[in-house]
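Fold and contact review
Below are the chains, spelled out letter by letter.
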There are 2 protein chains.
Amino acid sequence: MAPQLEPFFKQVDELSNSFIDRLRKAVAIPSISAHDENRKDVFRMAHFLASELEALGAEVEQRPLGKQPGKEHLDLPPVVIARYGNDKNKRTILVYGHYDVQPALKDDGWATEPFELTIDDQGRMFGRGSTDDKGPVLGWLNVIEAHQKAGVELPVNLLCCFEGMEEYGSEGLEEFIKSESKKFFKDADAVCISDNYWLGTEKPCLTYGLRGCNYYSVSISGPAQDLHSGVFGGSTHEPMTDMVNILSKLVDPKGNILIPGIMDLVAPLTEEENSLYSKISYTMDNLHESLGSKTNIHETKERTLMARWRYPSLSIHGIEGAFSAPGAKTVIPAKVIGKFSIRTVPNMESDAVNKLVFDYIKAEFAKLNSKNTLDVWLQHDGKWWVASPKHWNFTAASKAVKQVFGVEPDMTREGGSIPVTLSFEQATGKNVLLLPMGSSTDAAHSVNEKLDKKNYIEGTKLLGAYLHYVAEEPASEV
Amino acid sequence: MAPQLEPFFKQVDELSNSFIDRLRKAVAIPSISAHDENRKDVFRMAHFLASELEALGAEVEQRPLGKQPGKEHLDLPPVVIARYGNDKNKRTILVYGHYDVQPALKDDGWATEPFELTIDDQGRMFGRGSTDDKGPVLGWLNVIEAHQKAGVELPVNLLCCFEGMEEYGSEGLEEFIKSESKKFFKDADAVCISDNYWLGTEKPCLTYGLRGCNYYSVSISGPAQDLHSGVFGGSTHEPMTDMVNILSKLVDPKGNILIPGIMDLVAPLTEEENSLYSKISYTMDNLHESLGSKTNIHETKERTLMARWRYPSLSIHGIEGAFSAPGAKTVIPAKVIGKFSIRTVPNMESDAVNKLVFDYIKAEFAKLNSKNTLDVWLQHDGKWWVASPKHWNFTAASKAVKQVFGVEPDMTREGGSIPVTLSFEQATGKNVLLLPMGSSTDAAHSVNEKLDKKNYIEGTKLLGAYLHYVAEEPASEV
């Protein structure tokens, strides 16, 4: 065991009720970034966080980000940045979290008041923001407090970056991180983000990869206005006929992407990587439970995890401009816009993917001999991210998991994107670790969001232990 | 010329300003059947029509239809039925029209107040309901009045059936027609409906056929709830992938229905019918103008008109349950419902069409080897209708057109459905004629709806002349 952990752990246990009180106060502030009327609460949450940090002796700033683009009557919530410790002989860890939350109404189906932390007899602490992401953010504050009260020196310098717009597109954050990378964040030796989830409920994980996303629109237009299908059906080319034809050429029912060349861009599976998946604590039953159905494409957990983490996928999201309401409408839509996206993985570069997508769709449309007009464009893209899990940032976290939970963590990737991860990596050039606190059943973004008391308290120990192992790890070769 | 027409025509010309005043009063009543708040105006319009008919000496009843299904706080507007003349030695013609209108707001883009009849220097009478269907309905009243003032006896008995819910599904009308077919309507020798439009702007038409419509829903469901495409993309069968695949198998870009057996149900084209199309006053430019594009499938007017009138067509209307808004959403929709319809023609029986559709879609879905679940069902159907254009009802109308406009009418069919046509044919067993008053540019249902003064006044003459020729025509063999 790293020195100093025992007194820290003991102090965390002793302070656990006070840590839960801290979370209770934070959950009580409905800091919903998507709702104009709650913007004052988002600011209130920033003040709460800043004053808690100040009370712990951190150097804190609330940095304004200006007006909200498209909603210029609103000020963006500040980024709360803080420094705790400034010892040149220590490593400096930059931690990220967010203090805003998703909307929540009791009427949505919550069993309890969403903005009152309610603990049941299984130790589940229900409340909006409990797991996403107030619990993990407060975890860092708890770590500082427990060290202080245990009389143990924090073994690293801590830099904090807590934002208030994560649930609404992280407006302005990327530029902020970029501009502070050589200023407030310049000493950072590595980054740690606690804003995702364990793969299951029992075993912590360290996350070292995320897929990217290229989101496309394809429009097909013909007649100048919507037409009556009785009057004109059979006499004009119909955009919807061409649209379903084009969309049907993108991916087969087994999830195979049919766009030639896409799979050639994918990094080959190495023996070493291949051997990782069987160790992961995951079962096909877990998948069925998440889906609520047995519509799995692959029969093994290994192939399923690879499909989610290390292979691209193509999903068709919907069609804009066609009839989408319940009931019947005998319309020939004049212009329809299909939406689909490709989840990208190493080594798919966005430009190369775009060219393959555009060329293929245009070639397939040409084959239709339709007099309609097609256009296809990239709506947005976000790059995939893969970090080296052999970096000291990860080995330290791995040892911390072993210490606190008694198991080796799952080394996971995720199928979705967490754009801030890439922003930090690109701006600082340092290794980024995703170190989740909550479990797969926490229902972030959903009704009855919760954080288990065990995850919060042991998770606080984990964050602290991680900092101690960080202080001890030798520099990495990777 | 049939006797008595000259004094009738002269009287119509003399009364034209008074007839326009009658239309002005009718347009001023916003009898919008779709809006709860205008229901009182729909009733007001029924009273107006009933009192005008009574003033002309007709025997009039306003028949209640009960509460509106699904909106039980509203009474359905009455059917205004009337009899004018009861001479057993005369033929009896049952005429249908509707006195309710589509919604209209100046802000929708009207150049004039929609509920103030406004006449421009080209004689275009703008106003909601002017052409659809208050002008044609008042045409019958004008015919009676002009006969009275000209001292000419009406050569037939007239039965009127004017409804107030046509623009909102004709709630309750079919049952009413059925129940009155052996009562109030029992003497009818033929039916005349004036509620459609000329093919162009110069030449009247008689319409003897309509396509039917079988409207289908096909649902595909998989996961229990919508999923995040990043997290689950690649690991589950996606309903949208299967949906675009199935929809792409229904019809090709040239409008050919791909469901085996459907075209075998279509009545073959006879030499006689084939020869009719070239005479029709219609050009490809007319089609391009209607479409606002040059996306025609066929290169000739003959083939185009056949495609609209006598061949089936299949249109894909849209998908319920998928992402349909502007912007981007990275969702895997859990359940999607595709909507499409087939326009039916002789001799396609609904049951036979349904069986072919259901069997084919289920077979195509089975080929996908998807673990998702498919269902397909008929949302509603309406039968096609074709009348004999050699019946005395049509030959009388044809002679009347020749008399009033100096041309042979176009003998047309329509691609859309007018369900009341079939209701009258089936309930009375008599020949039904569609005898439009307005022209193709009247913009029914759209902004700036209008009826040309010429169409209204000469159209009134046409309705009257039709009744005189009806009285003279020998019984038909068909």
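Residues numbered from 1 in each chain as written. Chains lettered and ligands numbered in written order. Predicted model: local features only at pLDDT ≥ 70, side-chain atom pairs only at ≥ 80, totals over all residues. Heavy atoms only, no water.

Under an unreviewed UniProt entry, the name given to chain A is Glutamate carboxypeptidase, putative, and the organism recorded is Aspergillus fumigatus.

In terms of helices and strands, chain A carries 14 helices and 20 strands. For a compact globule of 478 residues, the expected C-alpha radius of gyration is about 23 Å, and chain A comes in at 25 Å, within 12% of that figure. Overall size of chain A, expressed as C-alpha extent along the three principal axes, is 85 × 55 × 45 Å. Classification of the 478 residues of chain A by burial places 61% in the buried group. (Helix = DSSP H or I, 4+ residues; strand = E, 2+ residues; numbered from the N terminus. Rg over C-alpha atoms; globule rule 2.2 N^0.38 Å. Buried < 20%, exposed > 50% of the residue type's maximum accessible area, 1.4 Å probe, protein only.)

Before going further, it helps to spend a moment on the state of the cysteines. Residue and element names in this part refer to chain A. Going through the model one piece at a time under the given rule, you end up with 0 disulfides over all chains. Unpaired in this structure, Cys-160 has its nearest cysteine sulfur neighbour in Cys-161, at a distance of 8.9 Å. The exposure class assigned to Cys-160 is buried, which follows from its relative accessible area of 2%. (Disulfide = S-S within 2.5 Å.)

With 76 residues of chain B in contact, the opposing surface of chain A contributes 76 residues. Between chain B and chain A, a total of about 5700 Å² is buried, with carbon and sulfur atoms accounting for 54% of that surface. Summed over the shared surface of chain B and chain A, the result is 2 salt bridges. The salt bridge involving Glu-299 of chain A is made with Lys-371 of chain B; its shortest N-O contact spans 3.1 Å. Where chain B meets chain A, there are 50 residue pairs in polar contact (both at pLDDT 80 or more). Ranked by residue count, the leading element in the side of chain B that touches chain A is strand 13 (residues 313-320) of chain B, at 8 residues. Class assignment of the residues belonging to the side of chain B that touches chain A gives a composition of 28 nonpolar, 35 polar and 13 charged. (Contact = heavy atoms within 4.5 Å. Buried area = accessible area lost by both parts, 1.4 Å probe. Salt bridge = Lys/Arg side-chain N within 4 Å of Asp/Glu carboxyl O. Polar contact = N/O pair within 3.5 Å; in protein donor to acceptor, adjacent residues only side chain to side chain. Nonpolar A, V, L, I, M, F, W, Y, C, P; charged D, E, K, R; others polar.)

Bringing the packing of aromatic side chains into the picture now. Aromatic ring pairs: the centre-centre distance and the angle between the two ring planes describe each pair. Residue and element names in this part refer to chain A. By the definition in use, this model includes 18 aromatic pairs over all chains. With a centroid separation of 5.8 Å and an interplanar angle of 50 degrees, the aromatic rings of Phe-8 and Phe-9 are classed as tilted. Taking relative accessible area as the criterion, Phe-8 reaches 0% and is therefore assigned buried. Owing to a relative accessible area of 10%, Phe-9 belongs among the buried residues under this scheme. (Phe/Tyr/Trp six-rings, centres within 6.5 Å; stacked < 30°, edge-to-face > 60°.)

Looking now at the relation of the copies chain B and chain A. You can overlay chain B on chain A at an RMSD of 0.0 Å; the transform is a turn of 180 degrees with a shift of 0.0 Å along its axis. The two molecules are tied by a two-fold rotation axis, judged by turn and shift. Relative to the rotation axis, the C-alpha of Val-244 of chain B is the closest in chain B, positioned 2.5 Å from it. In this assembly, 100% of the residues forming the interface of chain B have copies in chain A that are likewise at the interface, indicating an isologous arrangement. (Least-squares fit on C-alpha atoms with pLDDT ≥ 70 in both.)

As a further point, take the pairing of strand 3 (residues 71-75) of chain A. For a regular strand, the rule is simple: side chains alternate between the two faces of the sheet. Where strand 2 (residues 67-68) of chain A meets strand 3 of chain A, 2 bridges bridge the pair, whose relative direction is antiparallel. Each residue of the ladder has a partner; that of Gln-68 of chain A, found in strand 3 of chain A, is Lys-71 of chain A. (Pairing = 2+ DSSP bridges.)

Our next topic: the domain arrangement of chain A. Residues and elements named next belong to chain A. Domain boundaries in chain A define domain 1 (3-208 + 384-470) and domain 2 (211-266 + 309-380). Here the C-alpha centre of domain 2 lies 39 Å away from the C-alpha centre of domain 1. Listed per partner, the contact involves 10 residues of domain 1 and 11 residues of domain 2. For the domain 1 and domain 2 pair, buried surface summed over both sides reaches about 910 Å², with 56% attributable to carbon and sulfur atoms. Among the residues of domain 1 in contact with domain 2, Trp-384, Arg-413 and Gly-415 are the three that bury the most area, contributing 70% of the side total. Looking at the side of domain 1 that touches domain 2 element by element, the count peaks at 4 residues for strand 18 (residues 410-414). (Domains from an automatic or database assignment.)

Moving on, we get to the UniProt feature "binding site: Mn(2+) 2" (unreviewed entry) in chain A. All names here are of chain A. The sites that UniProt annotates as "binding site: Mn(2+) 2" (unreviewed entry) are His-98, Asp-132 and Asp-195. A maximum C-alpha distance of 8.1 Å among these annotated residues, which run over 98 residues, shows that they cluster at one spot. Residue position: His-98 is located in strand 5 (residues 92-98). Setting aside residues no more than four positions away along its own chain, His-98 makes contact with Asp-132, Asp-133, Lys-134, Val-137, Glu-163, Glu-166, Glu-167 and Asp-195. The contacts of Asp-195, once residues within four sequence positions are left out, are Tyr-96, His-98, Asp-132, Asp-133 and Glu-166. Within the local environment of Asp-195, its side chain forms a polar contact with the side chain of His-98, the two groups lying 3.3 Å apart. (UniProt positions renumbered as here; feature names shortened; annotations may be inferred.)

For the rest of this paragraph, the subject is helix 4 (residues 130-150) of chain A. For helix 4 of chain A, with 21 residues, the first-to-last C-alpha span of 26 Å runs short of the 30 Å given by 1.5 Å per residue. Looking at the residues trailing helix 4 of chain A, positive phi occurs at Gly-151 of chain A, about 70 degrees. (Expected span 1.5 Å × (residues − 1).)

Moving on: the packing of helix 4 (residues 130-150) of chain B against helix 14 (residues 453-472) of chain B. Residue and element names in this part refer to chain B. Two numbers describe how helix 4 lies on helix 14: the axes approach to 9 Å, and their chain directions differ by 65 degrees. Handedness of the crossing formed by helix 4 with helix 14: right-handed. Counted together, Gly-135, Pro-136, Leu-138, Gly-139, Trp-140, Asn-142, Val-143 and His-147 of helix 4 and Tyr-456, Thr-460, Leu-463, Gly-464, Tyr-466, Leu-467 and His-468 of helix 14 form the full contact between these two elements. (Axes fitted to C-alpha atoms, helices over the stretch in contact; angles between N-to-C directions. Left-handed = near helix turned anticlockwise from the far one by under 90°.)

For the rest of this paragraph, the subject is the pairing of strand 5 of chain A. Residues and elements named next belong to chain A. In terms of burial, strand 5 is a largely internal element, 7 of the 7 residues being buried. Across the two faces of strand 5 the burial is the same, with Thr-92, Leu-94, Tyr-96 and His-98 and Ile-93, Val-95 and Gly-97 all buried. In this structure, strand 5 lies alongside strand 8 (residues 157-163), joined through 7 bridges in parallel fashion. Note that in strand 8 the partner of Val-95 across the bridge is Cys-160. Two elements, strand 5 and strand 9 (residues 190-193), share 4 bridges in a ladder whose sense is parallel. Bridging from a neighbouring strand, Leu-94 pairs with Val-191 of strand 9.

Moving on, we get to the sheet that holds strand 11 (residues 212-221) of chain B. Residue and element names in this part refer to chain B. Taken together, 4 strands build an open sheet; the order of strands is 13-15-11-16 and the sheet is antiparallel. Edge positions in the sheet fall to strand 13 and strand 16 (373-382), since each of these pairs with one other strand and no more. On average, each strand axis in the sheet is tilted by 20 degrees relative to the strand beside it, whichever way the strands run. For strand 11 and strand 16, the ladder comprises 9 bridges, and the chain directions are antiparallel. Directly across from Val-218, in strand 16, lies its bridge partner Val-376.

Once that is clear, we can look at the sheet that holds strand 20 (residues 450-452) of chain B. All names here are of chain B. Read across the sheet, 3 strands follow the order 6-7-20 without closing on themselves; strand pairing throughout is antiparallel. Bordering the open sheet on either side are strand 6 (118-119) and strand 20, each of which pairs with just one other strand. As defined by bridge partners, strand 7 (residues 124-126) adjoins strand 20 across 3 bridges and the pair is classed as antiparallel. Residue pairing for strand 20: Met-125 is matched across the bridge by Leu-451. Contacting strand 7 and strand 20, helix 14 runs over the sheet at an angle of about 60 degrees to strand 20.

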